[in-house]
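Residue-level listing of the chains:
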Amino acid sequence: MTALQVEDVVVEYKVPGRPTVRAVDGVSIHVAAGEVLGLVGESGCGKSSLGRAIVGLNPLDSGKVLVDGRAIAPLGRRARPVADRTVQMVFQDPYSSLNPRRRVGRQIQDAVASRGGATRVRELLEAVGLPASAADRFPHQFSGGQRQRIAIARALASEPRVIVADEPVSALDASTRLQVAGLLSETATARGVALLMISHDLSGLRVIADRIAVMHFGRIVEVAPTDVIWSEPRHPYTRELIAAIPRLGRDAPMPSAPERRGVVVRTDDEARLVECAPGHFVAADALVGA
Amino acid sequence: MGTLLDIRDLHITVGGRALVDGVDITVEPGEVVGLAGESGSGKTLTALTALGFLPDNATTSGQVLLDGKDVLSLDVRALRRLRGDRVAMVFQDPMTSLHPMLTIETQLTEHQRAHRDLTRKQAREHAIELLDRVRIPDPHLAIRSYPHRFSGGMRQRIAIASALACEPELLIADEVTTALDVTVQAGILNLLQGLREELGMAMLFITHDLAVMNVVSDRLYVMRSGKVVESGVSREVLAEPQHEYTRALVDALPDTEVTR
């Protein structure tokens, strides 16, 4: 079942006196319940704008975001209606996404929809591998990895259908990254939550994501199951991303740097996704040259 | 030519805690030596001693020999002559390592004029050359701009240009690509590789990313809680780590092999 449906979403930034920037240019993706979709692209490609638009932090200029078939209203000044709390976010930097002056338990309890918070908080903390006693402590008493676990527990507290995680492990030490990313995808999958994992690191998504969507200049240029993206990338940009990853091994080559280019603008026709194998979609501009 | 940098039995203690606990590191001229380890392992602290930087209230023992002279015993004036001239540094975060209120020109010429007998015009021309070398488009325009005009990758290139201005014998690169995208990272790594071949400059390359380490460094030292736990030729060490800590670090990396 499709838990998250994003249809033809456009996000624009308008600054008076400057040309409008179209950060997200007609993106459609869907994530099934219990599925992990990885969204990769370099900084400035619009992946974070898309993630923020999905949870309602950025208003949509056109298009729709549906959770279980229901449209989500963008965040305003008032508290979000309970029905819209089915979409949650985990931010990049756990040092600033937790309130430094409130105890961990209280912060998680805020997000628990029903009464009887204390037992639920304990449950959630244990689910992310922290002791129940963590509830009485403050965020500064935890390491970066532990804080990100707390942020994950908080995101799970409202029993969401969709979690958007924006670079959830890039602020962490290399040795804890894999653990936290694994925890996030496992708890999400086990609870039937659709997880959209945004990252610039294709290799980090490899063990976690079921499918990967590659974003380039505001458009999705390729979507496929993770193994297929790695073994048979069809879009030239996906190939560049893979070739730029430094590798281990005695005869690993120097990662290759792509040529610098200006802004790539794809017309709707060029960006149209074509299914080239079952479940493997690639933007039409990649097929023209081939 | 002898060893360029020779750190011998270095101990740095702050408030009773040994942050660096008996480290021996050598860098030969023109060699790229890596320092790997998690945050807090003392790798940056060790590298900074090559510039004579020590934390406040630190007690130290051991020697840091640069071309046979002990950097730790130099006075302030001698250290000034050394820093930015013979030894230069590039920091992790290009968003904060450039001064936001000074033009690129100031940041690329100030140290040249302090260390070299150059006129403003000569220093400026050299700066433009450097910007061109690190592949900043339109260097004549770029030199008049302020850092906020540039992206993270571009700023890191400018920081590298600034470090290269006096043609240092040793460049300390502290997590220079950690904050960057993979494609930009690949560009910077290739740039450093090219500059190293061209200038014969030695590098002390600090990173916790062992895959990056594998492709850039000749030899590496793996540090943990202030001690070197393993060292050797990078590709050998990383292909067959002997110490369990190194093995754990290697295993923590996501698999990047392409399955066929």
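Just so it is clear, the model here is predicted, and its values are computed rather than measured. (Residues numbered from 1 in each chain as written. Chains lettered and ligands numbered in written order. Predicted model: local features only at pLDDT ≥ 70, side-chain atom pairs only at ≥ 80, totals over all residues.)

Q: Looking at this model, I keep getting lost on the overall build of chain B. Mind explaining?
A: Looking only at helices and strands, one finds eleven helices and ten strands in chain B. Here the C-alpha atoms of chain B give a radius of gyration of 19 Å, agreeing with the 18 Å that 2.2 N^0.38 yields for 260 residues. Each of the three principal axes of chain B carries a C-alpha extent, and together these read 55 × 55 × 35 Å. By residue count, 45% of the 260 residues in chain B fall in the buried class. Once local pairs closer than 6 in sequence are excluded, the contacts in chain B between residues at least 24 apart make up 65%. (Helix = DSSP H or I, 4+ residues; strand = E, 2+ residues; numbered from the N terminus. Rg over C-alpha atoms; globule rule 2.2 N^0.38 Å. Buried ≥ 20, exposed ≤ 12 C-beta atoms within 10 Å, placed from the backbone. Contact = placed C-beta atoms within 7 Å.)

Q: Even after reading the chapter, I still don't get the overall build of chain A, so can you show me in this structure?
A: Scanning chain A for helices and strands turns up ten helices and twelve strands. Over its C-alpha trace chain A gives a radius of gyration of 19 Å, about what one expects of a compact globule, namely 19 Å for 290 residues. If one aligns the C-alpha atoms of chain A with their principal axes, the spans along those axes are about 60 × 50 × 40 Å. Across the 290 residues in chain A, those meeting the buried criterion constitute 46%. Contacts spanning at least 24 positions in sequence make up 65% of the contacts within chain A whose residues lie at least 6 apart.

Q: Would you mind showing me how to read the environment of A:Ala132 here?
A: Residues and elements named next belong to chain A. The residue Ala132 is located in the loop between α3 (117-127) and α4 (144-156) in this model. Sequence separation of Ala132 and Arg122 is ten residues, and the distance between their C-alpha atoms is 5.0 Å. Not counting residues within four places of it along the chain, the set of residues in contact with Ala132 comprises Arg122, Leu125 and Glu126.

Q: For this particular structure, what's the right way to read the nonpolar core?
A: The nonpolar side chains of a soluble globular protein tend to be buried, and buried together. The biggest cluster of nonpolar side chains holds 160 residues, and the ones touching the most others in it are A:Leu195, A:Leu196, A:Met197, B:Ala50, B:Leu170 and B:Leu204. Mapping this core onto the domain boundaries places at least three of its residues in each of domain 1 (1-86 + 168-260) and domain 2 (90-165) of chain B. Discounting chain neighbours no more than four positions away, the residues touching A:Met197 are A:Val36, A:Gly38, A:Leu39, A:Ala165, A:Leu205, A:Ile208 and A:Ala209. (Core = buried A, V, L, I, M, F, W, Y, C linked by C-beta atoms within 7 Å. Domains from an automatic or database assignment.)

Q: Teacher, can you tell me more about the sheet that holds strand β8 (residues 194-199) of chain A here?
A: Remark on secondary structure: sheet strands pair via backbone hydrogen bonds, oriented parallel or antiparallel. Residue and element names in this part refer to chain A. Overall, mixed pairing links the eight strands, which are arranged β6-β7-β8-β3-β9-β10-β12-β11 in an open sheet. Of all the strands in the sheet, just β6 (87-90) and β11 (273-277) have a single pairing partner and so form its edges. Recorded for the sheet is a direction-independent mean angle of 25° between the axes of neighbouring strands. Sheet analysis places strand β3 (residues 36-40) next to strand β9 (residues 211-216), joined by four bridges and oriented parallel. (Pairing = 2+ DSSP bridges. Axes fitted to C-alpha atoms, helices over the stretch in contact; angles between N-to-C directions.)

Q: What am I meant to see in the confidence of the model for chain A here?
A: Caution applies to low-pLDDT parts of the model: their predicted coordinates are not meant to be read in detail. For chain A, the mean per-residue pLDDT works out to 89, and 97% of the residues sit at or above 70. The element-level mean pLDDT for chain A is lowest in helix α10 (residues 284-289) of chain A, coming to 78, with β3(A) highest at 96. (pLDDT = per-residue confidence, 0-100.)

Q: Would you mind going over the environment of A:Ala194 with me for this structure?
A: Residue and element names in this part refer to chain A. Inspection of the secondary structure assignment puts Ala194 in strand β8. The sequence separation of Ala194 and Arg106 amounts to 88 residues, and the corresponding C-alpha distance is 26 Å. Dropping the residues within four chain positions of it, Ala194 is found in contact with Ala3, Leu4, Val31, Ala32, Ala33, Glu35, Arg161 and Val162.

Q: Explain the interface of chain A and chain B to me, please; I cannot follow it from the model alone.
A: Interfaces are often described in size by the accessible area the parts lose on coming together. Facing 30 residues of chain A, the contacting portion of chain B comprises 31 residues. Among the secondary structure elements, those contributing two or more residues to the side of chain A that touches chain B are α5 (174-190), α6 (202-205), α7 (226-231) and α8 (236-243) of chain A. In terms of residue class, the side of chain A that touches chain B is made up of 14 nonpolar, eight polar and eight charged. (Nonpolar A, V, L, I, M, F, W, Y, C, P; charged D, E, K, R; others polar.)

Q: Hey, could you run me through the domain arrangement of chain B in this one?
A: Residues and elements named next belong to chain B. Taken domain by domain, chain B consists of domain 1 (1-86 + 168-260) and domain 2 (90-165). Between the C-alpha centres of domain 1 and domain 2 there is a distance of 24 Å. Listed per partner, the contact involves 16 residues of domain 1 and 14 residues of domain 2. Within the residue set of the side of domain 1 that touches domain 2, elements represented by two or more residues are β7 (170-174) and α8 (182-199). Element by element, the count of residues in the side of domain 1 that touches domain 2 is highest for α8, at five residues.

Q: Is there a simple way to think about the sheet that holds strand β5 (residues 69-70) of chain B in this case?
A: All names here are of chain B. Read across the sheet, four strands follow the order β2-β1-β4-β5 without closing on themselves; strand pairing throughout is antiparallel. Where the open sheet ends on each side, the last strands, each with one partner, are β2 (17-27) and β5. Bridging between strand β1 (residues 5-14) and β2 involves eight bridges; their strand directions are antiparallel. Each residue of the ladder has a partner; that of His11, found in β2, is Asp21.

Q: Explanation requested: the pairing of strand β10 (residues 227-233) of chain B in the structure shown.
A: As a general feature of sheets, a regular strand has side chains that alternate between the two faces. Where strand β9 (residues 219-224) of chain B lies against β10(B), six bridges are found, and the strand directions are antiparallel. Within β10(B), the residue paired with B:Arg224 across the bridge is B:Lys227.

Q: Sorry if this is basic, but what is going on with helix α5 (residues 120-133) of chain B here?
A: Note: α-helices contain 3.6 residues per turn, so residues at a spacing of three or four share the same orientation. Residues and elements named next belong to chain B. Here α5 contains 14 residues, and its C-alpha end-to-end distance of 20 Å stays within 8% of the 20 Å for a straight helix at 1.5 Å per residue. Here the buried face of α5 lies against α4 (104-115), α6 (139-142) and α7 (152-164). Where α5 terminates, the next one or two residues include Arg135, which has phi positive at roughly 60°. (Expected span 1.5 Å × (residues − 1).)

Q: Even after reading the chapter, I still don't get the packing of helix α2 (residues 104-111) of chain A against α4(A), so can you show me in this structure?
A: The description of two packed helices rests on the angle between their axes and on the distance between the axes. All names here are of chain A. At a closest axis distance of 7 Å, the pairing of α2 and α4 adopts a crossing angle of 25°. Looking at the two axes, α2 sits roughly parallel to α4. When you trace α2 past α4, the crossing you get is right-handed. Residues Val104, Gln107, Ile108 and Ala111 of α2 lie in contact with α4, whose contacting residues are Ile150, Ala153 and Arg154. Residues that form the contact of α2 with α4 fall into these classes: five nonpolar, one polar and one charged. (Parallel < 35°, antiparallel > 145°, perpendicular 65-115°, else oblique. Left-handed = near helix turned anticlockwise from the far one by under 90°.)

Q: It is not clear to me how the environment of B:Gly52 should be interpreted in this structure. Could you clarify?
A: Residues and elements named next belong to chain B. Checked against the element boundaries, Gly52 lands in the loop between α1 (43-48) and β4 (58-66). Look at Gly52 and you get buried, because 21 C-beta atoms sit within 10 Å. Spatially, the C-alpha atoms of Gly52 and Pro254 are 37 Å apart, while their sequence positions differ by 202 residues. Aside from chain neighbours lying at most four places away, what touches Gly52 is Val71, Leu72, Leu74, Leu79 and Leu82.

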